[in-house]
Amino acid sequence: MRRVKSLWNGLTIFAFLAGLLAALVASVAFPSQMAAAADLPSHITLTWAGDPRTTQTIAWKTDALTQDGQVQYWAVLPGKTEERQTLPAQVERVDSNWGTLTIHTVTLTGLDPGSSYAYRVGREGAWSEPYQFTTAPDRPQRLKFMIFGDSQSINYNTWRTTLQQAYQANQDAAFFINMGDLVDVGQDYGQWDAWFNASQGVLENIPCMPLVGNHETYGPGGKLAMPALFTAQFKLPLNGPAGLKGQVYSFDYGDIHFVMLDTQIGEEGRFVPDMLEQQKRWLEQDLAAAQQKWKLVFLHRAPYNNKAAGNEAIKAAFAPIIEQYHADLVFTAHDHVYAHTPPLFGGTPADSPSQGTIYVATGRSGSKTYADSIAREWNDFFYNPQDEPNYLTVEEESNSLTVKAFKQSGSLIDTWRITKGQLAEVSN
Ligand SMILES: [Fe+2]
C-alpha cells in the first residue's frame, strides 16, 4: 500500500514538473498567444456619449491590467476596401468585489451620418472579432428602437432570451433602452458579468442607452452606494446635472429628444441631497431647449405607479415640468407590469395627446414578477406579465409614433399609435 502511494506521489510530481516545463516552453515560443488570453477583450458595448450621427462610443473590458487598448475601424463601402484607422483607448481601473477591472473606452468622432463602419477592439495579438455599427442618418425616414423593463434576475438566462429574441425579431432597431434595475445587486460585479455575457451578440451591434434603477445602488448586504459599476461600464452623455453626470442625460436621434432621469432619491439622496432640485432645473432647461418634434422621458420609478407604494415626490418634482413642456410619452419601470394611461395633464385626462402626456409602464425583461402590481384608476390598459417576460418597440414614421408591447416569445400584447396634428390621436 505504501509503495503504491509513493509511486503515485512520484507520478504526480512528474506530471506537475512536465506541465510547468510545457508552460515555460510555450511562453518563450508563443509569447503573444500567452499574453492574448488575458488581454482578450470582452463585454464589448456600444453607447453614444456624443451625437449619434457622427460619433460612436465603444467600451470593453480586459482581465489583464493592459495599458494599451485600441480600436481599429473602417468604413463599409460596397466594392471598396477602406483604410483602417487606429485610435488609442482611455483606460480606467475600476474597483469591484471581483478585484480591479480594466475598462477601455474610445469615442469615434467625425463619422459620416447614415453610414456603416466595421471595427475591432483590443491590441496587436489580442484583437476581438470584427463587428459593425451604423450611424444615425441626418434626417431619418423612420426610427425603431426597443425598450426593456427591469432585467434583474436570479439567473440572466431569462434576460438573455428576452433580449436575443427581441433583437432577432427587430433587426431594424437602431438601439435599445434598458429602464434600470439591469441587475439585482448593482455593486456585485458577478451580476454585471452575467448581464454582459447574456447581452453579447447585441451590445456589439447596436447601442444600449440605459438608465439607473434602485438596484444599481445596492451592494452585497444591502449597503447603498452611487451606481459606480453602472457609470463605469456604460459611457453615456455627460450633459446632465453636476452630481449625476453619466447617469442623467439627454440625446437626440432624428426627430426624437430622449431624456433619462434618476428617481433613486431614497437610495442616492444621501450622497446627492439636492438630486431632485438639480434634475428639476436641468430638466426644465433641457426640455425648453429641445427642438425635436417628439420628446420622450424615461424614469425608473413611475409617477403613475402600479404597486401599492406610490412615488409622490417623483410625481410632484417631474410631472409638472414634463407636462408643461409637453413630453409626448413618459416610459417607466420598477413595478414590472405593462400599462399605460390616457394623455394626462395635471392628473386629469386630456382630450388628445397634444394636450397631455401618456405614461407607459414597460414591464419586465428578467425573471422577477410582482403579483401585487395591479391596474390603477389612471390606466386605460394594463397587463401583468407573470406568464413570460416582455419588451416594447417604438417606431417613428410619417408623423406618428407606434408603440408595441410583445411577450418574450413574440406574441403581441398591445399596440397603439399617436400622430402629431390630429385631434383624435390615440388609436389601437
Ligand atoms: Fe426598481
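How each quantity is defined
Just so you know, the residues in each chain are numbered from 1, in the order the chain's sequence is written. Reporting in this predicted model follows two pLDDT cut-offs: at least 70 for local features of residues, and 80 or more for side-chain atom pairs to be given and counted; totals over whole chains, interfaces and linings ignore these cut-offs and use all residues. Computation of side-chain values covers all heavy atoms of the structure but excludes hydrogens and water. A pair of strands is labelled paired if DSSP reports no fewer than 2 bridges between them. In this text, helices come from DSSP runs of H or I with a minimum length of four residues, and strands from runs of E with a minimum of two, each type numbered from the N-terminal end. Helix axes use the C-alpha atoms of the stretch in contact, all axes being lines fitted to C-alpha atoms, and the angles between their N-to-C directions lie in the range 0 to 180 degrees. We call two residues in contact when some of their heavy atoms are within 4.5 Å. Here is the rule: rings of Phe, Tyr and Trp (six-membered ring for Trp) pair when centre to centre is within 6.5 Å. Planes less than 30 degrees apart are stacked, more than 60 are edge-to-face, and the remainder are tilted. Relative accessibility thresholds used throughout: buried, under 20% of the residue-type maximum; exposed, over 50%; partly exposed, between the two (1.4 Å probe, protein chains only). Here the nonpolar core consists of buried residues drawn from Ala, Val, Leu, Ile, Met, Phe, Trp, Tyr and Cys, with membership extended through side-chain atoms lying within 4.5 Å. An automatic or database domain assignment supplies the residue ranges for each domain. Orientation is classified from the angle alone, with under 35 degrees giving roughly parallel, over 145 giving roughly antiparallel, 65 to 115 giving roughly perpendicular, and any other angle giving oblique. Here the term charged refers only to Asp, Glu, Lys and Arg, the term nonpolar to Ala, Val, Leu, Ile, Met, Phe, Trp, Tyr, Cys and Pro, and the term polar to all other amino acids, Gly among them. Excluding water, the donors of a metal are its N, O and S neighbours within 2.8 Å, or within 3.2 Å for Na, K and Ca, and that exclusion means sites may look incomplete. Any coordination sphere not matching a tetrahedral pattern (four donors, all angles between 85 and 135 degrees) or a square planar or octahedral pattern (four or six donors, opposite donors over 155 degrees apart, other angles between 65 and 115) is reported as irregular. Every case where a carboxyl oxygen of Asp or Glu lies within 4 Å of a side-chain nitrogen of Lys or Arg is listed as a salt bridge. For any pair of crossing helices, the crossing counts as left-handed if the nearer helix is rotated counterclockwise from the farther one by less than a right angle, and right-handed if it is rotated clockwise.

The name given to the protein chain in an unreviewed UniProt entry is Purple acid Phosphatase, N-terminal domain, and the organism recorded there is Propionispora vibrioides.

Student: In this structure, what is going on with the sheet that holds strand β22 (residues 400-407)? I would like to understand it.
Tutor: Working definition: the strands of a sheet are paired by backbone hydrogen bonds and lie parallel or antiparallel to each other. Pairing is mixed in the open sheet, where 5 strands are placed in the order β11-β10-β21-β22-β23. Where the open sheet ends on each side, the last strands, each with one partner, are β11 (175-178) and β23 (412-419). On average, each strand axis in the sheet is tilted by 20° relative to the strand beside it, whichever way the strands run. The sheet contact formed by strand β21 (residues 390-397) and β22 spans 8 bridges and is antiparallel. Each residue of the ladder has a partner; that of N390, found in β22, is K407. Across the sheet, helix α3 (residues 157-169) lies against β10 (142-148), β11 and β21, angled at about 165° from β10, the strand it touches most.

Student: Help me out: how do you make sense of the packing of aromatic side chains in this one?
Tutor: We describe a pair of aromatic rings using the distance from one ring centre to the other and the angle between the two ring planes. Going through the model one piece at a time under the given rule, you end up with 33 aromatic pairs. Ring centres 5.4 Å apart and planes at 80° place the aromatic pair F175 and F258 in the edge-to-face group. One end of the pair, F175, is in strand β11; the other, F258, is in strand β13 (residues 256-260), and 83 residues separate them in sequence. Assessed through its relative accessible area of 0%, F175 is described here as buried. Consider the rings of W192 and F196, whose centres lie 6.2 Å apart with planes at 45°: the pair is tilted. Of the two residues, W192 and F196 are both situated in helix α4 (residues 189-199); the distance of 4 residues between them amounts to about one turn of the helix.

Student: Help me understand the nonpolar core, please; the structure alone is not making it clear to me.
Tutor: Considering soluble globular proteins, one finds that nonpolar side chains tend to be buried as a cluster. Residues F145, F175, F258 and F298 are the most contacted members of the largest nonpolar core, which totals 66 residues. For this core, the two domains that each supply at least three residues are domain 1 (38-134) and domain 2 (142-419). In contact with F258, other than residues within four places in its own chain, are L143, F145, F175, I177, Y249, S250, F251, Y253, L296 and F298. L244, V248, W282 and F318 belong to the second largest nonpolar core, which has 24 residues in total.

Student: Explain the packing of helix α7 (residues 275-289) against helix α8 (residues 312-324) here, please?
Tutor: Axis angle and axis distance: for two packed helices, these are the angle between their axes and the distance between the axes, and together they describe the pair. Their axes nearest at 10 Å, the elements α7 and α8 cross at an angle of 10°. Taken as axis vectors, α7 and α8 run roughly parallel relative to one another. On α8, the residues that touch L276, Q279, K280, L283, E284 and L287 of α7 are A313, I314, A317, F318, I321, I322 and Q324. Here the contact of α7 with α8 is composed, by residue class, of 9 nonpolar, 2 polar and 2 charged.

Student: Could you clarify how one ought to interpret the coordination of the iron ion in this entry?
Tutor: Those protein atoms acting as donors to the iron ion are D181 (OD), N214 (OD1), H300 (NE2) and H334 (ND1), and they sit at 2.1 to 2.2 Å. Taken together, the 4 donor atoms coordinating the iron ion and their angles of 88 to 164° define a geometry best described as irregular. The motif formed by the donor residues of the iron ion, counted along the single chain, is D-x32-N-x85-H-x33-H. Of the two residues, H300 is situated in the loop between β14 (294-298) and α8 and H334 in the loop between β15 (329-332) and β16 (338-340); the sequence distance between them amounts to 34 residues. Of the two residues examined, H300 and H334, each falls in the buried class.

Student: Is there a simple way to explain the pattern of salt bridges in this structure?
Tutor: One pass over the full model with this rule turns up 17 salt bridges. Across the salt bridge formed by D39 and R123, the nearest N and O atoms sit 2.1 Å from each other. Taken together, the positions of D39 in helix α2 (residues 31-39) and R123 in the loop between β8 (116-122) and β9 (131-134) put the pair 84 residues apart, joining distant regions of the chain. With relative accessibility at 7%, the residue D39 sits in the buried group. Among the salt bridges present, the one from D255 reaches K293, with a minimum N-O distance of 4.0 Å. One end of the pair, D255, is in the loop between β12 (249-253) and β13; the other, K293, is in the loop between α7 and β14, with 38 residues separating them in the sequence. When its relative accessible area of 31% is taken as the criterion, D255 is described as partly exposed. One network of salt bridges, with partners in common, ties together R142, K144, D172, E395, E397 and K404.

Student: Explain the packing of α3 against α4 here, please?
Tutor: Relative orientation of the contacting elements α3 and α4 amounts to 30°, with a least axis distance of 8 Å. Our classification of the angle between α3 and α4 gives roughly parallel. The hand of the α3/α4 crossing is right-handed. For the pair α3 and α4, contact is made by W159, R160, L163 and Q164 and by W195, N197, A198 and S199, respectively. A per-class count over the contact of α3 with α4 returns 4 nonpolar, 3 polar and 1 charged.

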